[in-house]
Amino acid sequence: MSVNVKEEPVLVPSCDVVVENTELEVVNRVEEAKLEDYGTCVDVITERVNQLEQKVVEVEQFYSIKDGAGQTNTSKSNSGGKKVTISQPSKCSSAGKEKTRGKHVSSPELMRQFATIIRQIAQQKWAWPFLEPVDVEGLGLDDYHKVIEKPMDLGTIKTKMEGSEYSNVREIYADVRLVFKNAMRYNEEKDDVYVMAESLLEKFEEKWLTIMPKLVEEEKKQAEEEAQDRASRQLAVEAAQAEKARDLSNELYEIDQELEKLRETVVQKCRKLSTQEKKGLSAALGRLSPEDLSKALKMVSEGNPQFPAGAPEVELDIDLQTDVTLWRLKVFVQEALKAANKSSGGTNAQNNNNGGEMNKTNAKRKREITDALTKGGRK
């Protein structure tokens, strides 16, 4: 028995009661109001789904980046093709900490020890040429700035230290070495300034070695603290994403429940399927592809958990199914057969040539189920 899938309207409430014109207008207005309410419910649910889609993409993108699969901060939604910007985790530390993150910050004690070393160097009898900036104009050193890219002196270093411009002793160490290296670069080895700079640099390096153990200890401790801080922040971000994922799961479940209630309400407003329609539905189920047939049987099991949808052989009694299940099957079968008819022209020849054995197996199962469906449709 065949079914004309174009004839039957689906999921539209129908009223078969004959009434007077005035009463009919009232009924129509009531039905229109109900339909408008249904439409509003659908719009609200659609908006919620769109919002959830944005959140789902963000969660997926977070975990793909975490696993090394994501390389950018944007992704496209599978369904909408929208570009989604992924919000980065908020910074937990202050601006000052962010500026020096990853770079050692020496303790006040270590800075005082280093300041003592610089005073000791500055008090050496040969230190006087290096206490102030080089008087380029007074000494007539026209090529000085061509040779020396970054002039430096002990007086400038002291001023920078007093102004807290250094965050760690390694920065000061580099500038002190620069003072003497500049002098050795500009002057020849036989010059007094070169000899004085070389001697003071050697003394400075000796004193630098005395604070190295303390410096290494501090740097190691700070690196461990920063690693622990990063791990804590990462755990906090992951916990937030996990909570978001749980919330999404709950919201999706709520939407699913709302849709189920709305579907049942709409079906209750629709007429029941006639005996002829049930028989047509039974026959139409037998014309479905194996994949679509499995989907249809799954719909039946959703309305009746006891139904063995995945069994090798099943017997389906159409008359025992709920109105919701019957209307769902009717709509699904119509759409599935329409899609099959559109694609059958280009695929039938290939299926006949390449899928003979598979078609035999599928046809056998379909015949078994069709016989059971037809038997049930006659009850």
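Residues numbered from 1 in each chain as written. Predicted model: local features only at pLDDT ≥ 70, side-chain atom pairs only at ≥ 80, totals over all residues. Heavy atoms only, no water.

### Considering the overall build of the chain
Okay, step 1: The helix and strand inventory of the chain stands at 12 helices and two strands.
Okay, step 2: For the chain, the sequential pattern of α-helices and β-strands runs α-β-β-α-α-α-α-α-α-α-α-α-α-α.
Okay, step 3: In the chain, which comprises 379 residues, the proportion classed as buried is 30%.
Okay, step 4: Sequence-distant contacts in the chain: of pairs separated by 6 or more residues, those separated by 24 or more amount to 76%.
Okay, step 5: For the chain, the exposed surface amounts to about 24,900 Å²; the carbon and sulfur share of it is 51%. (Helix = DSSP H or I, 4+ residues; strand = E, 2+ residues; numbered from the N terminus. Buried < 20%, exposed > 50% of the residue type's maximum accessible area, 1.4 Å probe, protein only. Contact = heavy atoms within 4.5 Å. Areas by Shrake-Rupley, 256 points an atom, 1.4 Å probe, with all protein chains shown as cover.)

### A look at helix α6 (residues 154–162)
Okay, step 1: For α6, the full list of buried residues reads Leu-154, Ile-157 and Lys-160. One side of α6 holds all its buried residues, which, seen down the axis, span an arc of 120°. In α6, the exposed residues that point more than 90 degrees away from the buried face are Lys-158, Thr-159 and Glu-162.
Okay, step 2: For α6, the secondary structure elements touched by its buried residues are α3 (108–122) and α7 (169–186).
Okay, step 3: At the N-terminal end of α6, a side-chain oxygen is found 3.0 Å from the backbone nitrogen of Gly-155, two or three residues along, and the residue is Asp-153. (Arc of directions from axis to C-beta. Polar contact = N/O pair within 3.5 Å; in protein donor to acceptor, adjacent residues only side chain to side chain.)

### A few points about the environment of Glu-58
Okay, step 1: On the secondary structure map, Glu-58 appears in helix α1 (residues 21–66).
Okay, step 2: You can call Glu-58 buried: its relative accessible area is 16%.
Okay, step 3: Through-space distance from the C-alpha of Glu-58 to that of Gln-241 is 9.1 Å; in sequence the pair is 183 residues apart.

### Here's the deal with helix α10 (residues 290–303)
Okay, step 1: With 14 residues, α10 should cover 20 Å at 1.5 Å per step; its first-to-last C-alpha distance of 20 Å lies within 8% of that length.
Okay, step 2: Along α10, the residues that are buried comprise Asp-292, Leu-293, Ala-296, Leu-297, Met-299, Val-300 and Ser-301. (Expected span 1.5 Å × (residues − 1).)

### What about the packing of α6 against α7?
Okay, step 1: Two numbers describe how α6 lies on α7: the axes approach to 9 Å, and their chain directions differ by 165°. Looking at the two axes, α6 sits roughly antiparallel to α7. Of the two possible hands of crossing, α6 and α7 adopt the one that is right-handed. Taken together, the residues of α7 that come into contact with α6 (itself represented by Leu-154, Ile-157, Lys-160 and Met-161) are Ile-172, Asp-175, Val-176 and Val-179.
Okay, step 2: Taken together, the residues of the contact of α6 with α7 sort by class into six nonpolar, no polar and two charged. (Axes fitted to C-alpha atoms, helices over the stretch in contact; angles between N-to-C directions. Parallel < 35°, antiparallel > 145°, perpendicular 65-115°, else oblique. Left-handed = near helix turned anticlockwise from the far one by under 90°. Nonpolar A, V, L, I, M, F, W, Y, C, P; charged D, E, K, R; others polar.)

### Re the nonpolar core
Okay, step 1: In terms of nonpolar packing, the biggest core is built from 29 residues, with Phe-114, Phe-130, Ile-157, Ile-172, Phe-180 and Phe-204 touching the most fellow members.
Okay, step 2: At nine residues, helix α8 (residues 192–269) tops the list of elements feeding residues into this core.
Okay, step 3: Aside from chain neighbours lying at most four places away, what touches Ile-157 is Ile-118, Met-152, Tyr-166, Ile-172, Asp-175, Val-176 and Val-179.
Okay, step 4: Of all hydrophobic cores here, the second largest spans 22 residues; its members include Met-299, Ala-311, Leu-326 and Trp-327. (Core = buried A, V, L, I, M, F, W, Y, C linked by side-chain atoms within 4.5 Å.)

### Some points on the side chain of Ser-301
Okay, step 1: Within the element layout of this structure, Ser-301 appears in helix α10.
Okay, step 2: For Ser-301, a relative accessible area of 19% puts it in the buried group.
Okay, step 3: Polar contacts involving the side chain of Ser-301 include one to the main-chain carbonyl oxygen of Lys-298, which spans 2.6 Å.
Okay, step 4: Sequence-distant contacts of Ser-301, defined by excluding residues within four places in its chain, comprise Phe-307 and Ala-309.

### Focus on a negative patch on the surface
Okay, step 1: Together, Glu-189, Glu-198, Glu-202 and Glu-206 give the surface a local cluster of negative charge.
Okay, step 2: Among the secondary structure elements, Glu-202 is positioned in helix α8. (Patch = residues over 30% accessible without salt bridge, like charges linked within 9 Å, V, L, I, M, F, W, Y side chains within 5 Å. Salt bridge = Lys/Arg side-chain N within 4 Å of Asp/Glu carboxyl O. Lys, Arg positive; Asp, Glu negative; His and termini not counted. Charge placed at Lys NZ, Arg CZ, Asp CG, Glu CD.)

### Examining the confidence of the model for the chain
Okay, step 1: For the chain, the average pLDDT comes to 76, and 69% of its residues sit at 70 or higher.
Okay, step 2: The low-confidence segment residues 372–379, where pLDDT is below 50, has 17 contacts with residues more than four positions distant or belonging to other chains. (pLDDT = per-residue confidence, 0-100.)

### Focus: the pattern of salt bridges
Okay, step 1: Overall, the coordinates contain 10 salt bridges when judged by the stated rule.
Okay, step 2: Here Asp-229 ties to Arg-233 by a salt bridge, and the two come within 3.2 Å at their closest N and O atoms. Of the two residues, Asp-229 and Arg-233 both sit in helix α8, four residues apart, roughly one turn of that helix.
Okay, step 3: Note that Asp-319 is salt-bridged to Lys-278, the shortest N-O span being 3.7 Å. Pair noted here: Asp-319 is in the loop between α10 and α11 (323–354) and Lys-278 is in helix α9 (residues 275–285), with a separation of 41 residues, a long-range link.
Okay, step 4: The class of Asp-319 is partly exposed, set by a relative accessible area of 32%.

### Topic: the environment of Ile-172
Okay, step 1: Residue placement: Ile-172 occurs in helix α7.
Okay, step 2: The spatial distance from the C-alpha of Ile-172 to the C-alpha of Met-161 is 8.2 Å, given a sequence separation of 11 residues.
Okay, step 3: Ignoring anything within four residues of it in the chain, the contact list for Ile-172 reads Met-111, Phe-114, Ile-118, Ile-157, Met-161 and Tyr-166.

### Quick notes on unusual backbone geometry
Okay, step 1: In this model, Ser-164 sits at a positive phi of 55°, which is unusual for a non-glycine residue.
Okay, step 2: Residue position: Ser-164 is located in the loop between α6 and α7.
Okay, step 3: The exposed category is assigned to Ser-164, whose relative accessible area is 61%.

### So, the packing of α3 against α7
Okay, step 1: At a minimum axis distance of 10 Å, the contact between α3 and α7 shows a crossing angle of 15°. By the angle between their axes, α3 is roughly parallel relative to α7. The interaxial crossing formed by α3 with α7 has left-handed handedness. Judged by residue contacts, Leu-110, Met-111, Phe-114, Ile-118 and Ile-121 of α3 engage Val-169, Ile-172, Tyr-173, Val-176 and Phe-180 from α7.
Okay, step 2: Looking at the contact of α3 with α7 residue by residue, the classes come out as 10 nonpolar, no polar and no charged.

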